[in-house]
Each structure stands twice: as structure tokens, then as C-alpha cells.
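Overview (structure and organization)
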Amino acid sequence: MIENPMEKFTRRNFLTTATKFLAGAAVFGFMPNFAEAAEKVIYLEEKPLSAIDFTKEVLPFDIPQISKFQTLSELNIPAPKLKFVGTMDQRRLTTAIVLHHAGLKQDKDSTLKEIHKMHLGNGWSGVGYHFLVHKNGAIEHARPLDRVGAHAYRHNSYSVGICMTGNFEIGVPPTEQILETEKLIAALCQHYYINPSMTTIFGHRDLCDTDCPGYNVYPRLSEIIGNVKAIL
Ligand SMILES: [Zn+2]
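These lines cover the structure that appears in this document, whether it is placed above or below. In every chain, residue numbers begin from 1 and rise along the written sequence. Where local features are concerned, this predicted model is filtered to residues with pLDDT of at least 70; where side-chain atom pairs are given and counted, the filter is 80 or more; whole-chain, interface and lining totals use all residues.

**A few points about the overall build of the protein**
Helix and strand counts for the protein stand at seven helices and five strands. The numbering of helices and of strands both runs from the N terminus, where a helix is a DSSP run of H or I of at least 4 residues and a strand a run of E of at least 2. Listing each helix as α and each strand as β along the protein from the N terminus yields α-α-α-β-α-β-β-β-α-β-α-α. Exposure classes come from backbone-placed C-beta atoms, where a residue is buried if 20 or more other C-beta atoms lie within 10 Å of its own, exposed if 12 or fewer do, and partly exposed in between. Counting only residues that meet the buried cut, the protein has 38% of its 232 residues in that class. The contact criterion used here is simple: two residues whose C-beta atoms, placed from the backbone, lie within 7 Å are in contact. Restricting the contact set of the protein to residue pairs at least 6 apart, pairs at least 24 apart contribute 79%.

Here it is, written out as C-alpha cells:
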């Protein structure tokens, strides 16, 4: 049966708005985030949100099930040496995970160094995401996990940011990239006691004025969450 995507979108919007309100009240009530103010500039440069065109075909791709749960340490994720500028506040609350695509002009892989350099160029401390998941499925640590990220303006103080390389407005993630992203989300949910749902795992566009994580991936977020839920 084909689900009505408009209905799904509306329901999702209601849930995320309610969650954002609660999270915002919890976070801003007692935890001003100065680091986030300093790193604001990039979000003003992002491509503005366009309306979802439900008549345009979403490119198909595989969202495989996870066959074996692995903890964050079992995933054995390398942490390349990056030089950050200044200090980054410690994140004291982690209740959400935000999924991004790199969203550059072409749908191709990017190196961590490239993204780090780009974000430094925005006047930030360095790469704003906590993880990068490459097209071949390789995961890398980016910004230190315990620090406030710079990936979802006004929502950084309570969230972890994962970036899949590529541009999913025009392309789709390879199976390896989606599978490793699912494994990473599952490991983070276990690590931070997050119950995976549409009110805890977000696409960037749920929270900010952007098309990220792209036209082809965003509508499939509930399937990704379903696979994460199934393995926990
Ligand atoms: Zn994004």
C-alpha cells in the first residue's frame, strides 16, 4: 500500500514541533549556549528550505537491516588528528541525533579534512559534525563527541550530528553508507540511552531552514529509525 506522504509529513511535523518546544524549554531554561552563538554564521549561509515536491520521484536505494548490534567502542571508529580553534563547550545533555548530508555541489565523497577546512573558513572552531560516514561505509570521528557541535543551529546543545558525505538532493547513499549510518545511530542510542523514534532521530530539515539531508533521504528516515529500533 502506498502511504500518503503528505499525511506522514504533517504528523511528523507535529511531533517534531512538540519535541522541539519541550527540548528548547529544557535546554534554554537553564543552559545558555554561548558556543552556538559564536558558530551561528554558517546556518545563515545554508540553502533555504524548499517545499517538498510530492510529485517528483524520489530516487530508490537500499536501506538494509542491521544484522548484529555493535557498541560505539566495538565499531572501533578512528579519530583523525584535527586542529580545532579555541575552546568548545562541553555538551551536558544528549537526547537527540541529527542526520545530515554534506550537500556540496556534486554527489561525491568528501574527506574529513575538506569539511574541517570549510567549517574553519566559516569562522567556526572546526568541523561541526561529530561523525562523518563515507560512501564506502567508513566512519570517522570529527568534532570530539563530548563537545557541543555546530550542525543544527539552536539544537546543538542537546544533539549529536552525523554527516553522510554526498548530496542526496541529486544522488542516493550507497548501501554500505546507509548500513554503517544505521549502526552508528544504534550505537549512539545505546550509549546515550536514547529511545530511537521520530522525536529523537531527526533530519536536519526537521529542525532548521534547510533541505538537508536531501530530497532522496529525508522521506526514508522512518525506515532508518525502524531498522535501528529493531536491533536494540
Ligand atoms: Zn545538515
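**What to know about the sheet that holds strand S2 (residues 131-133)**
Within a sheet, neighbouring strands are paired by backbone hydrogen bonds and run either parallel or antiparallel to one another. Read across the open sheet, the five strands follow the order S3-S2-S4-S1-S5; overall the sheet is mixed. Edge positions in the open sheet fall to strand S3 (139-141) and strand S5 (201-203), since each of these has one partner strand only. Strand-to-strand twist of the sheet, defined as the mean angle between neighbouring strand axes without regard to direction, takes the value 25°. Note: two strands are recorded as paired if DSSP finds a minimum of 2 bridges between them. Of the pairings in the sheet, the one linking strand S1 (residues 96-101) to strand S4 (residues 159-164) comprises six bridges and is parallel in character. Among the inter-strand pairings, Ala96 is bridged to a residue of S4, identified as Ser159. Axis definition: a line fitted to C-alpha atoms, over the contacting stretch in the case of helices. Angles run 0 to 180 degrees between N-to-C directions.

**Considering the pairing of S4**
Counted residue by residue, S4 has six buried out of six residues, so it is predominantly covered. Going residue by residue along S4, you find Ser159, Gly161 and Cys163 tucked away on one face and Val160, Ile162 and Met164 tucked away on the opposite face as well. Here S2 runs beside S4; their pairing, made up of three bridges, is parallel. Within the sheet, the bridge partner assigned to Phe131 lies in S4 and is Ile162.

**Digging into the environment of Thr165**
Among the secondary structure elements, Thr165 is positioned in the loop between S4 and helix H5 (175-192). Residue classification places Thr165 among the buried positions, given that 25 C-beta atoms sit within 10 Å. Setting aside residues up to four positions removed in sequence, Thr165 forms contacts with Ala102, Asp109, Ser110, Leu132, His134 and Lys135.

**Focus: the nonpolar core**
Think of a nonpolar core as buried Ala, Val, Leu, Ile, Met, Phe, Trp, Tyr and Cys residues, each tied to the set through C-beta atoms within 7 Å. If you look at the biggest cluster of nonpolar residues, it comprises 32 residues, and the most contacted ones within it are Ile97, Phe131, Leu132, Ile162, Leu184, Ile185 and Leu188. Elements with a minimum of two residues in this core: S1, helix H4 (112-121), S2, S4, H5, S5 and helix H7 (221-231). Ranked by residue count, the leading element in this core is H5, at six residues. Sequence-distant contacts of Ile97, defined by excluding residues within four places in its chain, comprise Ser159, Val160, Ile162, Ile185, Leu188, Ile194, Thr200 and Ile201.

**A look at H5**
Taking 1.5 Å as the rise per residue, H5 with 18 residues should run 26 Å; its terminal C-alpha atoms sit 26 Å apart, in good agreement. Of the residues flanking the end of H5, it is Tyr193, one or two places downstream, whose phi is positive at about 55°. Between the first and last residue of a helix there are one fewer steps than residues, each counted as 1.5 Å, and that sum is the expected span.

**Here we look at the packing of H5 against H7**
The N-to-C vectors of H5 and H7 enclose an angle of 55°; their axes lie 9 Å apart at closest approach. Comparing their axes, H7 and H5 come out oblique. Read as a crossing pair, H5 and H7 show a hand that is right-handed. The segment H5 lies against H7, with Glu182, Ile185, Ala186 and Cys189 engaging Ile224, Asn227, Val228 and Ile231. Grouping the amino acids of the contact of H5 with H7 by side-chain chemistry returns six nonpolar, one polar and one charged. Angle categories are assigned with fixed cut-offs, so that under 35 degrees is roughly parallel, over 145 is roughly antiparallel, 65 to 115 is roughly perpendicular, and the rest are oblique. Crossing chirality is assigned from the near helix's rotation relative to the far helix, an anticlockwise turn below a right angle marking it left-handed and a clockwise turn marking it right-handed. Nonpolar residues are Ala, Val, Leu, Ile, Met, Phe, Trp, Tyr, Cys and Pro. Charged residues are Asp, Glu, Lys and Arg, and all others, Gly as well, are polar.

**Brief notes about the environment of Val228**
With respect to the element layout, Val228 can be found in helix H7. In the structure, Val228 is positioned 41 residues away from Ala187 in sequence and 9.1 Å away in space, judged by C-alpha atoms. Leaving out residues up to four positions away in the same chain, Val228 has contacts with Glu182, Ile185, Ala186, Cys189 and Pro196.

**Re unusual backbone geometry**
With an omega of 10°, the peptide bond between Cys212 and Pro213 qualifies as cis. Its place among the elements puts Pro213 in the loop between helix H6 (204-207) and H7. We note that Arg154 has phi near 75°; this positive angle belongs to a residue other than glycine. Structurally, Arg154 is set in the loop between S3 and S4. The exposure class of Arg154 is partly exposed, given the 16 C-beta atoms found within 10 Å. Notably, Tyr193 is not glycine yet its phi reads approximately 55°, a positive angle.

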